[in-house]
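# A look at the structure
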Amino acid sequence: MTQTNENLDINSSAPRTLIVFALIGTLVCGVLYPAFATLAGGALFPAQANGSLIAKDGVVIGSSLIAQPFSAPQYFQARPSAASFNPTAASGSNWAPSNPALRERMAASSAEISAREKQSAAAIPADLISASGSGLDPHISPAAAYFQADRVAAARGLSVAQVRAQIDRHTAAPSLGVFGQARVNVLLLNLSLDQGD
């Protein structure tokens, strides 16, 4: 009989222990850790914590992490976007290279770029024709930027050497020297040209 009472006492304290454990876990994992991570992130990486936003004349014009379309001749063009540059609908087309719709889209893009840049379609860098997986990649390759340099220079009344120097200045090396490829952020390059840097 005594053993049964002891078992009842142990079992009756179990729900209270579980409730206390759940409350402590909620406090630590749901309040303290997120508050610490938010404050630490904001203090150590303020720009990134706020979306890497880019402002011009005090007005936010975009983020260095998200591509946006440019159509005027004085601007470098970004990669095509399967998401129509909509950050709430980031996606690739998921079309295979054998897909006829992809082939048609790439052929049309190739003809348009060739006419715009006044260069052979065979010379177009692949990233100016192919969309990124997210549809929002803000970067192009240095080759894709150099390919557009003549048009941008002519539209801005600059020498090609000046425009190529801006491309060189805005070319980021692979991360840690080995991860990824050299890349140029289109928005930052265009903004720098606008500011005459």
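A brief report on the enclosed structure follows.

Cut-off values and rules
Residues numbered from 1 in each chain as written. Predicted model: local features only at pLDDT ≥ 70, side-chain atom pairs only at ≥ 80, totals over all residues. Heavy atoms only, no water. Helix = DSSP H or I, 4+ residues; strand = E, 2+ residues; numbered from the N terminus. Expected span 1.5 Å × (residues − 1). Bend = angle between axes of the 7 residues up to and from the residue. Buried < 20%, exposed > 50% of the residue type's maximum accessible area, 1.4 Å probe, protein only. Contact = heavy atoms within 4.5 Å. Phe/Tyr/Trp six-rings, centres within 6.5 Å; stacked < 30°, edge-to-face > 60°. Lys NZ or Arg CZ within 6 Å of the ring centre and 35° of its normal. Arc of directions from axis to C-beta.

## Brief notes about helix α4 (residues 142-156)
Under the 1.5 Å per step criterion, the end-to-end length of α4 is 20 Å for 15 residues, consistent within 8% with the ideal 21 Å. Taken as a whole, α4 carries its principal kink of about 45 degrees at Ala149. Of all the residues in α4, the buried ones are Pro142, Ala144, Ala145, Phe147, Gln148, Ala149, Arg151, Val152 and Ala153. Here the buried face of α4 lies against α3 (100-117), β3 (139-140), α5 (160-169), β4 (171-172), β5 (183-185) and α6 (186-195). A positive backbone phi angle near 70 degrees is found at Gly157, which sits one or two residues after α4.

## Here we look at the packing of aromatic side chains
For the structure shown, the criterion picks out one aromatic pair. Ring centres 5.3 Å apart and planes at 40 degrees place the aromatic pair Phe70 and Tyr75 in the tilted group. Tyr75 shares its class with Phe70; the two are buried. In this structure, Arg164 is placed above the aromatic ring of Tyr146, and the distance from its NZ or CZ to the ring centre is 4.2 Å.

## Re α5
Buried within α5 are the following residues: Val163, Gln166 and Ile167. The buried residues of α5 occupy an angular sector of 100 degrees when the element is viewed end-on, so they sit on one face. Looking at α5, the residues exposed on the side facing more than 90 degrees away from the buried face are Ala161 and Arg169. Summarising the contacts, the buried residues of α5 are in contact with α4, β4, β5 and α6.

The analysis is restricted to geometry; functional conclusions fall outside its scope.
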